[in-house]
Amino acid sequence: MNDNNIQLQHFILNQQKRFPYAKGDFTLLLSDIILAGKIISREVNKAGLVEILGLTGHENVQGEQVQKLDDFANNAFLNILSKNESVGGVASEEMAEPDYFLKHTKARYCVLFDPLDGSSNIDVNVSIGTIFSIYKLLNEGECTEQDFLRKGSEQVAAGYILYGSSTMLVFTTGEGVHGFTLDSSLGEFLLSHEGLSIPEPSKRYYSINEGNYKYWNEKTREYIDYLKHQDKPFSLRYIGSLVSDFHRSLIYGGIFMYPLDYKNPDKPKGKLRLMYEANPLAMIAKNAGGSASNGEKDILEIKPSELHQREPLYIGTASFVNEAVSYINGGKK
Ligand code: P6P
């Protein structure tokens, strides 16, 4: 464990000193995302109490409207980032189109986020998460759709906030991957995992929804069967909440897979979103020595054609990802 007295903001400022061009607005942007995470964490942690505390689920004792957690999380980001003049616009899983902050004529960044991924799991007290991705604007001061349709390799920062047994923020700016744990008594994220690296684990985990087995193509089915018939088989771990399944793969090693599914044989598709799920997690995986693929190419090298584009995802320990992708593309074991 690390020295837990390093606050997240101090850590970011220390990192910023290495970027002479940094004007502090990037640090302020990360601080705003942290604030949104704290606000969402507070709401997520009391979600189960809606009934118990006599909160109607529509209007609480303070007469405030109790929003669906997805909407609440999305609004938390919008309310905070729309006041940050370095942000030219945001895109969200919860919004069909980006929100452009036209008055921010000196903006330098745009932000994409999944405000509360896996939120249906909150009803059964399973961890859920926020995922975010930050790009520098192509032209300072103006934000257009093209600023959002970027390869993941152009991200300047990416991260997630995991609302679990503790609230953790994990992020990278390309200078390693670092984890911070929220000390709710202080209201501060404190450094708990400096310099995370995805291990090549001796105990090998794979993470996939086996319930989709009949919807996979033959090579995918063969590969999963192969994993189960090793002398030393993999162990299956599947939470059904992307941030949790990825976080375990980051800490313990292993591979998370969401293959193409052929429910519609004429139109096979992935489920997970490229821009605000796969790309940010792929940036983290890469900076932690792992990798991420859509089964054909590096996730970070996919040029998106639309904002809410879905992709298959293979992410985690590099050797496991490489083996899986090679096998499902006809490579021999
Ligand atoms: P399935 C949650 O709804 C989510 O978007 C991700 O968090 C998770 O990885 C995936 O869907 C689970 O999908 O089809 O296994 O229920």
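Every value quoted in this text rests on a predicted model; they were computed, and no experiment measured them. (Residues numbered from 1 in each chain as written. Predicted model: local features only at pLDDT ≥ 70, side-chain atom pairs only at ≥ 80, totals over all residues. Heavy atoms only, no water.)

Where like charges cluster on the molecular surface, the positive patch consists of Lys-267, Lys-269, Lys-271 and Arg-310. Checked against the element boundaries, Lys-269 lands in the loop between β11 (255–258) and β12 (272–273). A relative accessible area of 44% means that Lys-269 is categorised as partly exposed. (Patch = residues over 30% accessible without salt bridge, like charges linked within 9 Å, V, L, I, M, F, W, Y side chains within 5 Å. Areas by Shrake-Rupley, 256 points an atom, 1.4 Å probe, with all protein chains shown as cover. Salt bridge = Lys/Arg side-chain N within 4 Å of Asp/Glu carboxyl O. Lys, Arg positive; Asp, Glu negative; His and termini not counted. Charge placed at Lys NZ, Arg CZ, Asp CG, Glu CD. Helix = DSSP H or I, 4+ residues; strand = E, 2+ residues; numbered from the N terminus. Buried < 20%, exposed > 50% of the residue type's maximum accessible area, 1.4 Å probe, protein only.)

Our next topic: helix α7 (residues 242–252). The element α7 is largely enclosed, with a buried count of 9 among its 11 residues. Those residues of α7 lying buried are Leu-242, Val-243, Ser-244, Asp-245, Phe-246, His-247, Arg-248, Ser-249 and Leu-250. Downstream of α7 by one or two residues, Gly-253 has phi in the positive range, about 85 degrees.

Within strand β7 (residues 177–183), 5 of the 7 residues are buried, leaving the element largely enclosed by the surrounding structure. Strand direction decides the pairing type here: strand β6 (residues 167–172) and β7, joined by 5 bridges, are antiparallel. By the bridge assignment for β7, Leu-169 is matched with Phe-180. Between β6 and β7, which pair antiparallel one after the other, the connecting turn spans 4 residues, and Gly-174 there sits at a positive phi close to 95 degrees. Note that β7 and strand β8 (residues 188–193) share 5 bridges and pair antiparallel. Note on β8: the bridge partner recorded for Phe-180 is Leu-191. Between β7 and β8, which pair antiparallel in sequence order, lie 4 residues; one of them, Gly-187, sits at a positive phi of approximately 70 degrees. (Pairing = 2+ DSSP bridges.)

Moving on, we get to empty space enclosed by the protein. Counted under the stated rule, the structure contains 1 cavity of 30 Å³ or more. Put simply, the largest cavity is a space of about 30 Å³. Along the walls of the largest cavity sit Leu-8, Ile-12, Leu-30, Ile-33, Ile-34, Phe-132, Leu-169 and Phe-171, which together make up its complete lining. For the lining of the largest cavity, the elements supplying multiple residues, two or more each, are α1 (8–16), α2 (25–46) and β6. The biggest single contributor to the lining of the largest cavity is α2, with 3 residues. When its residues are assigned to classes, the lining of the largest cavity shows 8 nonpolar, no polar and no charged. (1 Å grid on protein atoms, 1.4 Å probe; cavity = no way out; pocket = protein on both sides within 12 Å on 5 of 7 lines; lining within 4 Å. Points joined across faces, edges and corners; volume = space filled by probe spheres on them. Nonpolar A, V, L, I, M, F, W, Y, C, P; charged D, E, K, R; others polar.)

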